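Coordinate analysis (summary)
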Amino acid sequence: MKICALTMVYRDHWALAQWYRHFSAHLGAENLYVVAHGADERISQICPGASIITVPRDQVGAFDRTRNRMLNGIQLGLSHVYDWVIRTDADELICWNPARYSGLQDILKRQKSNAVFALGMNLFEFDGEPSVEDVNVLSIRRNAIFSGHYSKAWAVRAGQDMKLHGIGVPSDMVRDVPFVLPRGVYLVHLKFANRAALAIANKHRIEMASVRAKGVPGKAWRDAELEAANFYIKASQMPLEDWDAAQAAVYKTLAKQPVRNEKSGYVRARSLRYKSRMELPRWFADLTPCDPES
């Protein structure tokens, strides 16, 4: 089975290094594809051996729609060469319980559908925690909050499109397409796991949201610094819950009733906001080697 991973990035160098470290270890750098939104020499330095596709950044109108259509097109092309295409943002890692799966190959070879979702979570940095600039973030950060919003589709095959954190489906098929959320597979969102890197990324988000063009990202990016501050306050005040109990509860809720939108033609996970935080089991840290070249 041949598997590749695809992402798109703009100056989020720390997150990209984490993405490259993780997926190159499990798929090989030669099977990684990075779309650079604007020329950036650092990307090839961060991702040696990966294929870099540079697209212009002179037009940012209809940002999300244009980006998704482009990535679906690249994804479709790759599906003629690979059995599965993994597609995540640069600040997202796919992790799995090693008691259930031996790796990405094992997860995907068990699937009968054309798309796979994962239980999503926000990993975050507590005040006073050490820097994660040059190390595997999963070896340092352990506090996380489950999220329906980030329980995204992450792997597709046979030309399946992605759409709005889920999959694009013809309206007359929305009710019949399986929503596959395998137990023990997780999407770890790193946006809040490095406060220093987030401060830099938020400046770019605010800059983008200030562009006068139709369809640019809105309030969430315009108020990115306030959103981040509020997240950290709420996260630090959440009660700690047992990992096994929390993930079982979230899985039961999300697996039961996904969103099936016939009008817009998509299937995705429900927008659940969990009210407790968890500490990741130690096996998360062992999934990614410390050295991205190893």
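**Quick look at the sheet that holds strand β4 (residues 84-87)**
- If you walk across this open sheet you meet the six strands as β3-β2-β1-β4-β9-β6, and the pairing is mixed. For this open sheet the edge positions go to β3 (51-55) and β6 (115-117), each flanked by a neighbour on one side alone. The mean angle between the axes of side-by-side strands here comes to 25 degrees, regardless of whether they run parallel or antiparallel.
- The sheet contact formed by strand β2 (residues 32-37) and β3 spans five bridges and is parallel. Bridging across to β3, H37 finds its partner in V55.
- Sitting on the sheet, helix α1 (residues 13-27) touches β1 (3-9), β2 and β4, and the angle it makes with β1 is about 175 degrees.

**Digging into the pairing of β2**
- Counting buried positions along β2 yields six of six residues, so the element is predominantly enclosed.
- Alternating residues of β2 divide into L32, V34 and A36 and Y33, V35 and H37, and every residue in both groups is buried.
- In this structure, β1 lies alongside β2, joined through five bridges in parallel fashion. Following the sheet pairing, V9 is matched in β2 by A36.
- What joins β1 to β2 is α1, and the crossover it makes is right-handed.

**A word on the environment of G159**
- Topologically, G159 is positioned in the loop between β9 (153-156) and β10 (162-163).
- In the structure, G159 is positioned 88 residues away from Q247 in sequence and 31 Å away in space, judged by C-alpha atoms.
- Here G159 is in contact with L76 and S79, once residues within four sequence places are set aside.

**A look at the packing of aromatic side chains**
- This model, assessed by the stated rule, comprises 15 aromatic pairs.
- Taken together, a centroid distance of 6.4 Å and an interplanar angle of 80 degrees make the contact between F146 and Y274 edge-to-face. Of this pair, F146 sits in strand β8 (residues 143-147) while Y274 sits in the loop between β14 (266-268) and β15 (278-279), and the two are 128 residues apart along the sequence.
- Judged by relative accessible area, which is 17%, Y274 ranks as buried.
- Ring plane angle 40 degrees and centroid distance 6.2 Å describe the contact between Y186 and W283, whose orientation is recorded as tilted. Taken together, the residues span a long stretch of sequence, with Y186 in strand β12 (residues 185-192) and W283 in helix α9 (residues 283-286) at a distance of 97 residues.
- Its relative accessible area of 2% is what places Y186 among the buried residues.
- For W283, a relative accessible area of 18% corresponds to the buried category.

Analysis parameters
- All residue numbers here refer to positions counted from 1 along the written sequence of the relevant chain.
- This being a predicted model, a pLDDT of at least 70 is required before a residue's local features are given, and a value of 80 or more before pairs of side-chain atoms are given or counted; all residues contribute to the totals for chains, interfaces and linings.
- Side-chain metrics rest on all non-hydrogen atoms present in the structure, leaving aside hydrogens and water.
- Between any two strands, at least two bridges found by DSSP are needed for them to pair.
- We count a stretch as a helix when DSSP gives it H or I for four or more residues in a row; a strand needs E for two or more, and each element gets its number in order from the N terminus.
- Fitted lines through C-alpha atoms serve as axes, helices being fitted only where they are in contact, and the angles separating the N-to-C directions of these axes extend from 0 to 180 degrees.
- In this description, contact between two residues means that some pair of their heavy atoms is separated by no more than 4.5 Å.
- The cut-offs for exposure are 20% and 50% of the maximum accessible area for each residue type, with area from a 1.4 Å probe on protein chains only; residues under the lower value are buried, those over the upper are exposed, and the others partly exposed.
- With its strands directed away from the observer, a crossover is right-handed exactly when the path from the first strand over the helix to the second travels clockwise.
- By convention, a stacked pair of Phe, Tyr or Trp rings (six-membered ring in the case of Trp) has centres within 6.5 Å and planes under 30 degrees apart, an edge-to-face pair has planes over 60 apart, and any other such pair is tilted.

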